[in-house]
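# Coordinate analysis (summary)
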Amino acid sequence: MKFSIMDKEEVVYKIHSYLDLPENWDSYGGIAPTLENVEFVEKVVDKFPDNLYFCCPGPNGEIEVDWRDGNLEIEVFSTVGDNHILIYDKLVGLYLYDGKFDESVLKKFLDDLS
C-alpha cells in the first residue's frame, strides 16, 4: 500500500506552526513543542528521504514524524532530551527497533524504503 507523501517544505511549515499552539491546545492540558524540538525534527526531515507521510504534535510537547512504505512504518518522536525511534513491520506484527534516536539506525531503515 502506498501512502500520500508530504514534501519537506510542507512538513517544515507544519512543525513550525506547532510553536503557535496555545496552552491546553488539545483540551487535555496539551503543551506546544519547544523551539529545540522543532529544530531537531527539521534537521531530521531535511537530512532524510522525501517520503514522509505524516507529522503531528503530541500532548506532552513532542513532535512525531512518520515514514511508511508497504509493511514498514518508521516513527521518530522528539521531546526535549528524549528523541526516540519506533520501526514496526506490520506484516509480521513485530517491532524491528524501539529505542533512542540513532541516526545510523534511521538511515538504514529509510534506505530500505527508497
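Residues numbered from 1 in each chain as written. Predicted model: local features only at pLDDT ≥ 70, side-chain atom pairs only at ≥ 80, totals over all residues. Heavy atoms only, no water.

## Focus: the pattern of salt bridges
In this structure the tally under the stated criterion is 3 salt bridges. Here E73 and R68 are joined by a salt bridge, their closest N and O atoms 2.9 Å apart. Assessed through its relative accessible area of 11%, E73 is described here as buried. Close ionic contact of D82 with K100 constitutes a salt bridge, the shortest N to O distance being 3.1 Å. Of this pair, D82 sits in strand β4 (residues 82-89) while K100 sits in strand β5 (residues 94-100); the two residues are 18 residues apart in sequence, bridging distant segments of the chain. (Salt bridge = Lys/Arg side-chain N within 4 Å of Asp/Glu carboxyl O. Buried < 20%, exposed > 50% of the residue type's maximum accessible area, 1.4 Å probe, protein only. Helix = DSSP H or I, 4+ residues; strand = E, 2+ residues; numbered from the N terminus.)

## Looking at the sheet that holds β4
Judged by pairing direction, the sheet is antiparallel, and its 5 strands sit side by side in the order β1-β2-β3-β4-β5 without closing on themselves. Looking at which strands have only one partner, the edges of the open sheet turn out to be β1 (52-57) and β5. Averaged over all pairs of adjacent strands, the angle between strand axes in this sheet comes to 15°, irrespective of strand direction. Relative to β5, β4 is paired through 6 bridges, and the arrangement is antiparallel. Bridge pairing in β5 links L86 to D98. Sheet strands touched by helix α1 (residues 8-17): β1 and β2 (63-69). Its angle to β1, the strand with the most contacts, is close to 5°. Here helix α2 (residues 35-47) sits on the sheet in contact with β1, β2, β3 (72-79) and β4, set at roughly 20° to β2. (Pairing = 2+ DSSP bridges. Axes fitted to C-alpha atoms, helices over the stretch in contact; angles between N-to-C directions. Contact = heavy atoms within 4.5 Å.)

## Here's the deal with the environment of P59
Mapped onto the fold, P59 is located in the loop between β1 and β2. A relative accessible area of 38% places P59 in the partly exposed class. Residues P59 and Y28, 31 residues apart in the sequence, show an inter-C-alpha distance of 7.8 Å. Apart from residues lying up to four places away in sequence, P59 is in contact with W25, D26, G29, G30 and I31.

Keep in mind that these numbers describe shape and distance, not what the molecule does.
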